[in-house]
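Below are the chains, spelled out letter by letter.
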Amino acid sequence: MIKMNNRFKAEEAQNYDDVIKKRVPLYNEIQTLMVSLLPFSRKEYLRVLDLGCGTGGTSVALLKEFPLARVTGIDSSSDMLAVAAAKVKQTTWRIDFICQDIRVVSGQWPGVRGEEEFDAIISAFSLHFLTEDEKKALFSKCRDALKPGGMLIYAEAVMSPSATVYQLYMEKWKDFQRSNSFSDDEIGAHLLKFIRGVKPLTVERQVKMMKNTGFIDVECYFKYMNWALFGGYKQ
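Residues numbered from 1 in each chain as written. Predicted model: local features only at pLDDT ≥ 70, side-chain atom pairs only at ≥ 80, totals over all residues. Heavy atoms only, no water.

## Remarks on the pattern of salt bridges
And step 1. All told, the structure shown has 14 salt bridges when counted by the stated rule.
And step 2. Here Lys-147 makes a salt bridge to Asp-119, at a shortest N to O gap of 3.4 Å. Of the two residues, Lys-147 sits in strand S5 (residues 146-157) while Asp-119 sits in strand S4 (residues 118-124), which places them 28 residues apart along the sequence. (Salt bridge = Lys/Arg side-chain N within 4 Å of Asp/Glu carboxyl O. Helix = DSSP H or I, 4+ residues; strand = E, 2+ residues; numbered from the N terminus.)

Rendered as structure tokens:
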């Protein structure tokens, strides 16, 4: 099995839910919008796959809107999944967590039975760690794992085709983090980690990639500077 670098250690995992909202502008709003765009009724028995589920926040948010759904969450960090499991232990049994690298595309993900299994596949701020080739392969696997009419929806960092505009985004992002009491040294360390680990694409390239892997009605539903929300359907 390919091992993805464990980007979040135990202490980072424990603090993730608080810190991410101070790092990513409009984090809660993007997460809420993602769930609200799923084209299903609250009364439906849905099967949902959460890729890079982290501490389970998006899965829990989804179950609040779709209480009859069953969610499988996959993440490569055992520390993040430990936080997720503790979070849902007293509230729901409708989430299963699997420690697995989402980049493994040969065969089936453990815990996933087969093709055309899921009504929706979601991902919040995880896919931007993949290379373009890895993302293409993952999109193809997502397409196969979705039922006809199923939806892939995900949020991630993006870049501008203009270097000048992208630099402006970075400066505004620094300002946002300063407004949340991060020091310049902390911001610098986080940006270095971001630059080394994240592989953002432009909005246009993301949309084209989804279309080329067989998704229809592909859309960028939301964009705020260097953060965006994408979705598309399996025909």
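There is more to say, and it comes next.
## Overview of the environment of Gln-235
And step 1. Considering the arrangement of structural elements, one finds Gln-235 in the segment after strand S7 (227-234).
And step 2. Residue class for Gln-235 comes out exposed when judged on its relative accessible area of 69%.
And step 3. Non-local contacts of Gln-235, meaning those with residues more than four positions away in its chain, are made with Pro-148, Gly-149 and Ile-216. (Buried < 20%, exposed > 50% of the residue type's maximum accessible area, 1.4 Å probe, protein only. Contact = heavy atoms within 4.5 Å.)

## Concerning the sheet that holds S7
Pairing between the strands of a sheet is mediated by backbone hydrogen bonds and can be parallel or antiparallel.
And step 1. If you walk across this open sheet you meet the seven strands as S3-S2-S1-S4-S5-S7-S6, and the pairing is mixed. Here the strands that pair on one side only, and so sit at the sheet edges, are strand S3 (95-99) and strand S6 (215-224). Strand-to-strand twist across the sheet, computed as the mean angle between neighbouring axes with direction ignored, equals 15°.
And step 2. Looking at chain direction, S4 and S5 are connected through six bridges and run parallel. When the bridges of S5 are listed, Ala-120 appears paired with Met-151. (Pairing = 2+ DSSP bridges. Axes fitted to C-alpha atoms, helices over the stretch in contact; angles between N-to-C directions.)

## Description of helix H3 (residues 57-65)
And step 1. For H3, the complete set of buried residues consists of Thr-58, Ser-59, Leu-62 and Leu-63. Buried positions in H3, seen along its axis, are confined to an arc of 135° and lie on one side of it.
And step 2. The elements touched by buried residues of H3 are helix H2 (27-36), strand S1 (47-51), strand S2 (70-75), S3 and S4. (Arc of directions from axis to C-beta.)

## What about the nonpolar core?
And step 1. Formed by 43 residues in total, the largest nonpolar core has its most connected members in Leu-38, Leu-62, Phe-66, Phe-125 and Trp-227.
And step 2. Once residues lying within four places of it in the same chain are set aside, the contact partners of Leu-38 are Leu-62, Phe-66, Ala-120, Ile-122, Met-151 and Ile-153.
And step 3. Membership of the second largest hydrophobic core comes to 27 residues, among which are Ile-98, Leu-152, Met-209 and Phe-215. (Core = buried A, V, L, I, M, F, W, Y, C linked by side-chain atoms within 4.5 Å.)

## Looking at the side chain of Arg-23
And step 1. Residue placement: Arg-23 occurs in helix H1 (residues 10-23).
And step 2. For the buried Arg-23, which has no salt bridge, the nearest side chain bearing the opposite charge is Glu-186, at an N-O separation of 6.0 Å.
And step 3. In terms of polar contacts, Arg-23 uses its side chain to reach the side chain of Gln-177, at 2.5 Å.
And step 4. Not counting residues within four places of it along the chain, the set of residues in contact with Arg-23 comprises Trp-173, Phe-176, Gln-177, Phe-182, Glu-186, Ile-187 and His-190. (Lys, Arg positive; Asp, Glu negative; His and termini not counted. Polar contact = N/O pair within 3.5 Å; in protein donor to acceptor, adjacent residues only side chain to side chain.)

## Examining the side chain of Asn-226
And step 1. Position of Asn-226 relative to the elements: it lies in the loop between S6 and S7.
And step 2. Residue Asn-226 is classed as buried on the basis of its relative accessible area of 0%.
And step 3. Polar contacts involving the side chain of Asn-226 include one to the side chain of Trp-227, which spans 3.2 Å.
And step 4. When sequence neighbours within four positions are dropped, the list of residues in contact with Asn-226 reads Glu-156, Ala-157, Val-158, Tyr-166, Tyr-169, Met-170, Trp-173 and Phe-194.

## Some points on helix H5 (residues 132-145)
And step 1. Taking 1.5 Å per residue as the helical rise, H5 with its 14 residues ought to reach 20 Å, and the 20 Å between its terminal C-alpha atoms agrees with that figure.
And step 2. Where H5 is buried, its residues meet S1, S4, S5, helix H8 (203-212) and S6. (Expected span 1.5 Å × (residues − 1).)

## Description of the packing of aromatic side chains
And step 1. According to the stated counting rule, one finds seven aromatic pairs in the structure shown.
And step 2. Ring geometry for Phe-194 versus Trp-227: centroids 6.3 Å apart, planes at 65°, classification edge-to-face. Pair noted here: Phe-194 is in helix H7 (residues 184-197) and Trp-227 is in strand S7, with a separation of 33 residues, a long-range link.
And step 3. Among the aromatic side chains, those forming a connected cluster through ring pairs are Tyr-27, Phe-125, Trp-173, Phe-194 and Trp-227.
And step 4. One cation-aromatic arrangement involves Arg-23 over Phe-182; the distance from NZ or CZ to the ring centre is 3.7 Å. (Phe/Tyr/Trp six-rings, centres within 6.5 Å; stacked < 30°, edge-to-face > 60°. Lys NZ or Arg CZ within 6 Å of the ring centre and 35° of its normal.)

## Comments concerning the packing of helix H6 (residues 163-179) against H7
And step 1. Following both chains from N to C, one finds H6 and H7 inclined at 135°, their axes separated by 10 Å at the closest point. Considering the angle they form, H6 stands oblique to H7. Here the hand of the crossing between H6 and H7 comes out right-handed. Mapping the contact onto sequence places Tyr-166, Trp-173, Lys-174, Gln-177 and Arg-178 in H6 and Asp-184, Ile-187, His-190, Leu-191 and Phe-194 in H7.
And step 2. Considering only residue class, the contact of H6 with H7 consists of five nonpolar, two polar and three charged. (Parallel < 35°, antiparallel > 145°, perpendicular 65-115°, else oblique. Left-handed = near helix turned anticlockwise from the far one by under 90°. Nonpolar A, V, L, I, M, F, W, Y, C, P; charged D, E, K, R; others polar.)

Shape is all these values report; function is a separate question.
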